[in-house]
Structure formats: structure tokens, C-alpha cells
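Residue strings, one per chain:
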Amino acid sequence: MITLENKKALITGAGRGIGKEIALKLAAAGADIAICDIDLDSARQTAGEIENLGKKSLAVRADVSDADSVHSLFGEFSNTFGTCDILVNNAGITRDGLIVRMKDDDWDSVLRINLRSAYLCSRECARPMMKARQGKIVNIASVVGLMGNAGQTNYGASKAGLIGLTKSLARELASRNITVNAVAPGFIKTAMTDKLSDEDKEKLTGQIPLQILGMPSDVANAVLFLCSSLAGYITGQVLTVDGGLVM
Ligand code: NAP
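About the criteria used
Residues numbered from 1 in each chain as written. Predicted model: local features only at pLDDT ≥ 70, side-chain atom pairs only at ≥ 80, totals over all residues. Heavy atoms only, no water. Patch = residues over 30% accessible without salt bridge, like charges linked within 9 Å, V, L, I, M, F, W, Y side chains within 5 Å. Areas by Shrake-Rupley, 256 points an atom, 1.4 Å probe, with all protein chains shown as cover. Salt bridge = Lys/Arg side-chain N within 4 Å of Asp/Glu carboxyl O. Lys, Arg positive; Asp, Glu negative; His and termini not counted. Charge placed at Lys NZ, Arg CZ, Asp CG, Glu CD. Helix = DSSP H or I, 4+ residues; strand = E, 2+ residues; numbered from the N terminus. Near = heavy atom within 4 Å. Polar contact = N/O pair within 3.5 Å; in protein donor to acceptor, adjacent residues only side chain to side chain. Nonpolar A, V, L, I, M, F, W, Y, C, P; charged D, E, K, R; others polar. Pairing = 2+ DSSP bridges. Axes fitted to C-alpha atoms, helices over the stretch in contact; angles between N-to-C directions. Contact = heavy atoms within 4.5 Å. Buried < 20%, exposed > 50% of the residue type's maximum accessible area, 1.4 Å probe, protein only. Right-handed = clockwise from strand over helix to strand, strands pointing away.

**Q** So what's going on with a negative patch on the surface? Which residues, and what values?
**A** A surface patch of negative charge is lined by Asp-198, Glu-199, Asp-200 and Glu-202. Within the secondary structure, Glu-202 is located in helix α8 (residues 198-207).

As C-alpha cells, then:
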């Protein structure tokens, strides 16, 4: 059985969707969890559900693309929980569009929220993790960062960048017993994919060998594994959770 008893975790963008599912899964395995989201109400909602599981929780409103906001987030985390054992960089957005119509703001906001955020949060927790000589960082990338997707140059670039960050940071922190991995979900049923038309969903499902969309719990299971001692000898890897879409 996987246990995260006595571990303190921070999950970004955990007010809903995949991040919320990861938070609940890690709490069910015994971790205390800080929920960060740009929307405080949803962060509080997830934190309440974690407390119902008998674990400590902290809800923080933070914009993970902003350095000052991230600095205060980690300040609050350390005042409440001490050292961060597990960081899951999950917050992410899409602003899709063909490149000829792409707005600079859509390019910049996707890169800031999906990639800069992981740099900022990892920078904040790296030093205390190095001091503690242990830690787990999991970045939520996407199959789009591996295979590309028309209409998602900004999103694909952010997720491919996140994979590069994962591998470089894994090499940087390995000597201190800190692992850094990425999970690359395929198409998962959340608000992000609910935006797709039924026709697009059908087309996508047709390309997935397992022939169904994934669920947030499929991604959360992979994250739980990578955060556990079972994955102690795994670092710098990208684990696809995509029904076989990329192989
Ligand atoms: P989601 O339902 O839209 O959830 C994303 C969460 O991040 C929301 O709670 C959102 O807050 C929060 N957020 C957005 N900007 C933020 C910011 N600047 N600071 C802090 N929090 C912020 O998305 P999801 O589908 O669960 O996706 C989670 C992650 O998985 C993302 O990185 C996404 O790229 C990745 N992913 C998803 C899929 C999929 O099929 N769903 C596939 C591959 C990868 P609000 O509620 O206020 O918007």
C-alpha cells in the first residue's frame, strides 16, 4: 500500500479538475495538503474536503505566474506546515487559436501560467528540499508537449518547455535525493476538455487505443505513484497517461 503519512504537499490549481483529484488522492494516502488556486472559493472547497478525510489542509489564493504571489504562497506554506516534501505543478490554462490569429496575450498568458509558474514554484521549494535531502516534484505536462496539436502552439510550447524543465531540474537536484518527474495526460474529462464540441470529442476518442477519455483519477494515480517511495529510483521521466495515444 502507498502511504504518504507525515508528508506535506503543495498542489497548484487544485480548486478543481485534475489538481483537486490529485489533492484528494494524496490526502487519502496520508499527506497534509496546501491547496493553491487563483480562485480562493474553490481552493477552500477542496481544503474542506481534505479536512473531512482527517488531514490538515490550507487554502491559499495565489497567481502562480507571479513571483511575489508565489513567494507569499510558500511563506504561508512554511508557516503552517514547515518544509514542503511534495510539489505538484498542476495549474494550467489553454488559449487555443491558429498561429495566424494568435494574440500576443494568449501566447504570453499560456507560457506564464503553464511554464513560468513551475520555474517559480520549483525555485521556492528547491532550497528547503535540498536542505532536507529529500523531495518530490511532479509537473503536469501534456501529450501535446510530446506530439503537438494544431491550434495549440502556445500550449504545446509551454508543455514541451515543462518537460525540458523537468529533465534539467531532475539532473540538478538528483544528488540531494530529490526526484523530478512529469506526468503527461492525454484527453481527460475536465472543464478544460468540456469546451470541445461533441464532434471533436468523438474524433479524439477514435485516435485513442483504449477508446475512452481518461478521468482525473487516472492522472492522480500516476502522480501518487511518483510521489511515493515506490518511485524512489525514478527521476527525469515523463509518464504518459493517455490510453495509449502516444507510444
Ligand atoms: P482546469 O479544470 O481548468 O483546472 C485548472 C486549475 O488551475 C483551475 O482551478 C484554475 O483556476 C487554476 N488556475 C488557472 N490559472 C491559475 C493561476 N494563474 N494560478 C493559480 N491557479 C490557476 O484544468 P484541468 O483539466 O484540471 O488541467 C490541470 C492540468 O492538467 C493543466 O496543467 C493542464 O494543462 C493539464 N492537462 C489537462 C488535460 C485535460 O484533458 N484536461 C490534458 C493534458 C494536460 P480557475 O478555476 O479560477 O480557472
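The structure having been displayed, the exposition proceeds.
**Q** Let's hear about the site of the ligand: which residues, and what values?
**A** Arg-16, Asp-37, Asn-90, Tyr-155 and Thr-190 are the nearest of the 27 residues found near the ligand. Between a nitrogen atom of the ligand and a main-chain N or O atom of Ile-38, the distance comes to 3.3 Å. In the model, a nitrogen atom of the ligand is placed 3.1 Å from a nitrogen or oxygen of the Val-64 main chain. Isolated, the ligand exposes 890 Å² of accessible area, and the fraction of that covered by the protein chains is 91%. Contributions of two or more residues to the shell around the ligand are made by α1 (17-28), α6 (153-173) and α7 (191-194). The residue makeup of the shell around the ligand, split by class, is 14 nonpolar, eight polar and five charged.

**Q** Report on the sheet that holds strand β4 (residues 86-89), specifying residues and quantitative values.
**A** An order of β3-β2-β1-β4-β5-β6-β7 is seen for the seven strands of this open sheet, with the pairing classed as parallel. Each edge of the open sheet is held by one strand with a lone partner, namely β3 (57-61) and β7 (238-241). The sheet shows a mean angle of 15 degrees between the axes of neighbouring strands, direction not considered. As paired elements, strand β5 (residues 135-140) and strand β6 (residues 178-185) share six bridges and run parallel to each other. Across the sheet, Asn-139 pairs through a bridge with Ala-182, a residue of β6. Packing against the sheet, helix α2 (residues 40-52) makes contact with β2 (32-37) and β3, and its axis sits at approximately 175 degrees to β3. Here helix α9 (residues 216-227) sits on the sheet and contacts β4, β5, β6 and β7; the angle it forms with β6, its principal contact strand, is near 165 degrees.

**Q** Please provide a residue-by-residue account of the pairing of β2, values included.
**A** Judged by how many residues are buried, β2 sits mostly within the fold: six of six residues are covered. Alternating residues of β2 divide into Asp-32, Ala-34 and Cys-36 and Ile-33, Ile-35 and Asp-37, and every residue in both groups is buried. In this sheet, β2 lies alongside strand β1 (residues 8-12) in parallel orientation, the contact comprising five bridges. The residue of β2 that forms the bridge with Leu-10 is Ala-34. Where the polypeptide runs from β1 across α1 and back to β2, its parallel neighbour, the crossover connection is right-handed. In the sheet, β2 pairs with β3 via five bridges, with the strands oriented parallel. Within β3, the position partnered with Ile-35 by the bridge is Ala-59.

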